[in-house]
Amino acid sequence: MNNVFVYCEIEEGQIADVSLELLTKGRSLADDLKCNLEAVVIGADLKGIEKQIIPFGVDTLWIADDKSLYPYTTLPHTSIIVKLFEEEKPQIALMGATSIGRDLGPRVSSALHSGLTADCTSLIIGDHEDKKNKKEYKDLLYQIRPAFGGNIVATIINPDCRPQMATVREGVMKKEIRSEAYKGKVKNIEVEKYVKPEDFIVKVIERHMEASKVNIKNAGIVVAGGYGVGSKENFDKLYELADVIGAEVGASRAAVDAGYASHERQIGQTGVTVRPKLYIACGISGQIQHTAGMEESSMVIAINTDKNAPINNFADYIITGDIADVIPKMIKHYKLNTK
Amino acid sequence: MKGLKIVVLAKQVPDTRNVGKDAMKADGTVNRAVLPAIFNPEDLNALEQALRLKDKYPGTEITLLTMGPGRAAEIIREGLYRGADNGILLSDRAFAGSDTLATSYALSCTLKKMGKIDIIIAGRQAIDGDTAQVGPQVAEKLALPQITYAEDVISAENGKIVVKRRIERGVETVEGTLPMVVTVNASAPECRPRNAKFVMKYKHARAVSEMQNADEDYILLHNNRPYLNIGEWSVNDIETQAEELGLTGSPTKVKAIENVVFQAKEAKVLEPSDADMDELMKELIANHTIG
């Protein structure tokens, strides 16, 4: 009772990375709280799935295995989680901040009247004193997240309602197996006792993988390249960096004209205007036609071989160097500092 | 076939691009009064989906519902200019300090009072909180099914709705029954611009709290043209349990706030060396710019 629970997402027989990362975090929270870590997996054809989950230090794994439960739809998964949480009364419940976790989490929290904090970047255990009502709380979950477009970082707590629920994005927490020989037990959920026929009101009629459309306008981070990038191969490095740090790739008119990028990525007077919190300008000289489309960026990093490039007037960081050298280093050191 | 009754949930949000020091109050809630306010971007994507359904199914009626202070009526006007039929502003001190759950509760009580609705459609999330919780929580409180991350409401006829939704690595087409709650992604088509005809018609549309200093002529204009009166409801117009509202009804509390507003400063000049790149990444991660 009152354990830490993690909802595990499954895609084509594999537990999602974000869920494994949450199991790792859940294990360490359970250690701090001296309680058990439990996991729930809901889907179809789950035979042997425990081998992927229990080594992360899971003491109890709940499995709901039925062909009606994959692919994910909201209501059956909600019904199972809500009933299970009512019975097991977890103190903490974690989910991935994915299209599944952010669909399921709020629904569950509303049904249980428990608080939910989305997209946490850090989760730690701590105490709280409510001075107004003279109440002391021990061992609460501090749910730490950026808010307000990243302008503040807030620590959120749920003093009175349980479970304390949080979602976390993929890649934020590290993933670490506790022990291949970890001993946990498996409990099978009798699906028909948890799910009602009317839960199947929404049906998935078609599903396919498809690359998302370019959306530089609303991107929080833009990595943009200019003519100075020099080649299509070098431009690919921009995509690599964007992939790693969660950015979109943009381009100056000169880069589009040179064939390095498609027109839909063009930033500037004749392209799109962007206002990201971070703009990384690579090999862009900084003609006014271009800067008109990015000058409202909150922070600008300019990478250029010319230390007098006009773009540097807009920059918070100026790196004088070659794209082919600088970008791989940025990727390397980003990875070193996040995992 | 007859038209649909659609409610678009929209929020007026502080433009998080322009955040100053006085943006937060001592209790950790947002001081909206000092920030420029805009129509939440994904709610505009939601409005566009509603307008497309109206184009497709004549007789469809679109109501824009927003909760906020008196000035939030601005986004109702913005909706009317683009083709919404009417709007309701839910405004009361009793809602102050609401987290997503208390907000969803207040909205769901309002929606219950609005009678039969076929589709409740909202943006996936608002840029001030980025939680994506209000849509699903409203659905749960009304015991309605939900379709989130929608990119295209393909059809809504004969009691059925078909929606294309964007998931991490692809797209999914789902079918459900009406009534339904739908939340719309930024990847959905942008909202159409204002229509000059509607701007002429509705430019004097006002909510009650905006009419307090109106002169007699203006009041007369509103009496003669009832469509200029934007509905404004308070907590007394809906049935609620007081303990579910505002700060009291909010399970989550803000314990601490750390400001990371970027200061204008001299540019830092870095060498393309491992040491400098490591320093840069550490700084960007520490101030939550990336990661």
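The rules behind these values
Throughout this document, residue positions are counted from 1 along each chain, in the order its sequence is written. Chains carry letters and ligands carry numbers; both start at the beginning, A for chains and 1 for ligands, and go up in the order they are written. Two thresholds apply to this predicted model, a pLDDT of at least 70 for residue-level local features and 80 or more for giving and counting side-chain atom pairs, whereas whole-chain, interface and lining totals are computed over all residues. No hydrogens and no water enter the side-chain calculation; it runs on all heavy atoms of the structure. Only rings of Phe, Tyr and Trp enter the pairing, Trp through its six-membered ring, and a pair is recorded when the two centres are within 6.5 Å. The plane angle decides the type: under 30 degrees is stacked, over 60 is edge-to-face, the rest tilted. For the purposes of this entry, the term helix denotes a DSSP run of H or I that reaches at least four residues, the term strand denotes a run of E that reaches at least two, and both are numbered from the N terminus. Working definition: with a 1.4 Å probe on protein chains only, accessible area under 20% of the residue-type maximum means buried, over 50% means exposed, and in between means partly exposed. Pairs of strands are assigned from DSSP output, requiring at least two bridges between the strands. All axes here are fitted lines through C-alpha atoms, helices being fitted over the stretch that makes contact, and every angle between N-to-C directions spans 0 to 180 degrees. Note on contacts: a residue pair qualifies if any of its non-hydrogen atoms lie within 4.5 Å across the two residues. In this document the domain limits rely on a domain assignment from an automatic tool or a database. Within this document, salt bridges are pairs made up of a side-chain nitrogen of Lys or Arg and a carboxyl oxygen of Asp or Glu, the two lying within 4 Å of each other. Orientation categories follow fixed angle ranges, with anything under 35 degrees roughly parallel, anything over 145 roughly antiparallel, 65 to 115 roughly perpendicular, and all other angles oblique. Two helices cross in a left-handed way if the nearer one is turned anticlockwise from the farther one by less than a right angle. They cross in a right-handed way if the turn is clockwise. Here the nonpolar group is Ala, Val, Leu, Ile, Met, Phe, Trp, Tyr, Cys and Pro; Asp, Glu, Lys and Arg are the charged ones; every other residue, Gly included, is treated as polar. Patch membership requires over 30% relative accessible area and the absence of a salt bridge. Like charges are linked within 9 Å, and nonpolar side chains (Val, Leu, Ile, Met, Phe, Trp, Tyr) within 5 Å. A 1.4 Å probe and the Shrake-Rupley method give the accessible areas. Residues count as covered only by the protein chains that appear here. Positive charges are assigned to Lys and Arg, negative charges to Asp and Glu, while His and the chain termini are left out of the count. The atoms used to mark charge sites are NZ of Lys, CZ of Arg, CG of Asp and CD of Glu. Here the quantity called buried area is the total loss of accessible area, with a 1.4 Å probe, experienced by two parts when brought into contact, counted for both. Any pair of N or O atoms that falls within 3.5 Å is considered a polar contact. Within protein, one atom must be able to donate a hydrogen and the other to accept it, and sequence-neighbouring residues count only if both atoms are side-chain atoms.

Overview of the packing of aromatic side chains
All names here are of chain A.
Next up, step 1: Throughout the structure, instances matching the rule amount to 5 aromatic pairs over all chains.
Next up, step 2: Judged by centre distance (6.0 Å) and plane angle (40°), the rings of F235 and Y260 are tilted. In this pair, F235 sits in helix 6 (residues 232-245) while Y260 sits in the loop between helix 7 (253-257) and strand 16 (278-282), placing the two residues 25 residues apart along the sequence. As far as burial versus exposure is concerned, F235 and Y260 are alike and both buried.
Next up, step 3: An aromatic cluster is present here, built from Y227, F235, Y239 and Y260 joined pairwise through their rings.

What about the pairing of strand 8 (residues 160-167) of chain B?
All names here are of chain B.
Next up, step 1: The buried fraction of strand 8 is high, at 6 of 8 residues.
Next up, step 2: Relative to strand 8, strand 7 (residues 146-157) runs antiparallel, the two being bridged by 6 bridges. Within strand 8, the position partnered with V153 by the bridge is V163.
Next up, step 3: Between strand 7 and strand 8, which pair antiparallel and follow one another directly, the connecting turn spans 2 residues, one of which, N158, has a positive phi of 50°.

What to know about the sheet that holds strand 1 (residues 4-8) of chain A
All names here are of chain A.
Next up, step 1: Spatially, 7 strands are ordered 7-11-6-1-4-5-12 in an open sheet, and the strand pairing comes out parallel. Two strands in the sheet have a free side with no partner beyond their single neighbour: strand 7 (116-120) and strand 12 (185-188). Here the average twist between neighbouring strands, direction ignored, is 20°.
Next up, step 2: In the sheet, strand 5 (residues 60-65) pairs with strand 12 via 4 bridges, with the strands oriented parallel. Paired with I63 across the bridge in strand 12 is N188.
Next up, step 3: Across the sheet, helix 4 (residues 101-112) lies against strand 1, strand 6 (92-96), strand 7 and strand 11 (164-168), angled at about 155° from strand 6, the strand it touches most.

Comments concerning the sheet that holds strand 14 (residues 268-270) of chain B
Next up, step 1: The strand order across the open sheet built from 6 strands is 15(A)-14(A)-16(A)-17(A)-18(A)-14(B), with neighbouring strands paired in parallel fashion. Looking at the sheet topology across the chains shown, the edges are occupied by strand 15 (248-251) of chain A together with strand 14 of chain B. The sheet shows a mean angle of 20° between the axes of neighbouring strands, taken without regard to direction.
Next up, step 2: In this structure, strand 18 (residues 317-320) of chain A lies alongside strand 14 of chain B, joined through 3 bridges in parallel fashion. Pairing of I318(A) across the sheet is with V269(B), part of strand 14 of chain B.
Next up, step 3: On top of the sheet, helix 6 of chain A reaches strand 14 (221-225), strand 15 and strand 16 of chain A; it is set at about 175° to strand 14 of chain A, its chief contact.
Next up, step 4: Sheet strands in contact with helix 7 (residues 274-286) of chain B are strand 16, strand 17 (300-304) and strand 18 of chain A together with strand 14 of chain B, and its direction is about 155° off that of strand 18 of chain A.

Side note on the domain arrangement of chain A
Next up, step 1: Each assigned domain of chain A is listed with its residue range as follows: domain 1 (4-201) and domain 2 (221-338).
Next up, step 2: The C-alpha-based centres of domain 1 of chain A and domain 2 of chain A are spaced at 38 Å.

Digging into the pattern of salt bridges
Any two side chains of opposite charge can pair if their charged atoms end up close together.
Next up, step 1: Taken as a whole, this structure holds 36 salt bridges over all chains when the rule is applied.
Next up, step 2: Across the pair R166(B) and E151(B) runs a salt bridge whose closest N-O atoms are separated by 3.0 Å. Of this pair, R166(B) sits in strand 8 while E151(B) sits in strand 7, and the two are 15 residues apart along the sequence. Both residues of the pair, R166(B) and E151(B), belong to the buried class.
Next up, step 3: If you follow the salt bridges from partner to partner, you end up with E11(A), R207(A), R165(B) and E172(B) in one network.

Overview of the packing of helix 3 (residues 74-88) of chain A against helix 4 of chain A
Residues and elements named next belong to chain A.
Next up, step 1: Two elements in contact, helix 3 and helix 4, have axes separated by 9 Å at closest approach and are oriented at 45°. Looking at the two axes, helix 3 sits oblique to helix 4. Once helix 3 is placed against helix 4, the crossing between them reads as right-handed. Taking contact as the criterion, the partners of T74, L75, H77, T78, I81, V82, F85 and E86 in helix 3 are, on helix 4, D103, L104, R107, V108, A111 and L112.
Next up, step 2: Partitioning the contact of helix 3 with helix 4 into residue classes produces 8 nonpolar, 3 polar and 3 charged.

Considerations on a negative patch on the surface
Next up, step 1: A contiguous patch of negative charge, built from E233(A), D236(A), E240(A) and D243(A), is present on the exposed surface.
Next up, step 2: Structurally, E240(A) can be placed in helix 6.

Remarks on the interface of chain A and chain B
Next up, step 1: Contact residues are listed per partner, giving 80 residues for chain A and 85 residues for chain B.
Next up, step 2: Of the roughly 7,100 Å² buried at the junction of chain A and chain B (both faces included), carbon and sulfur atoms supply 56%.
Next up, step 3: At the junction of chain A with chain B, the criterion picks out 2 salt bridges.
Next up, step 4: Across the pair E172(B) and R207(A) runs a salt bridge, and its minimum N-O distance is 2.7 Å.
Next up, step 5: Here chain A is connected to chain B by 33 residue pairs in polar contact (both at pLDDT 80 or more).
Next up, step 6: Counting residues per element, the side of chain A that touches chain B draws most heavily on helix 9 (residues 323-338) of chain A, at 9 residues.
Next up, step 7: Residue composition of the side of chain A that touches chain B, by class: 34 nonpolar, 26 polar and 20 charged.

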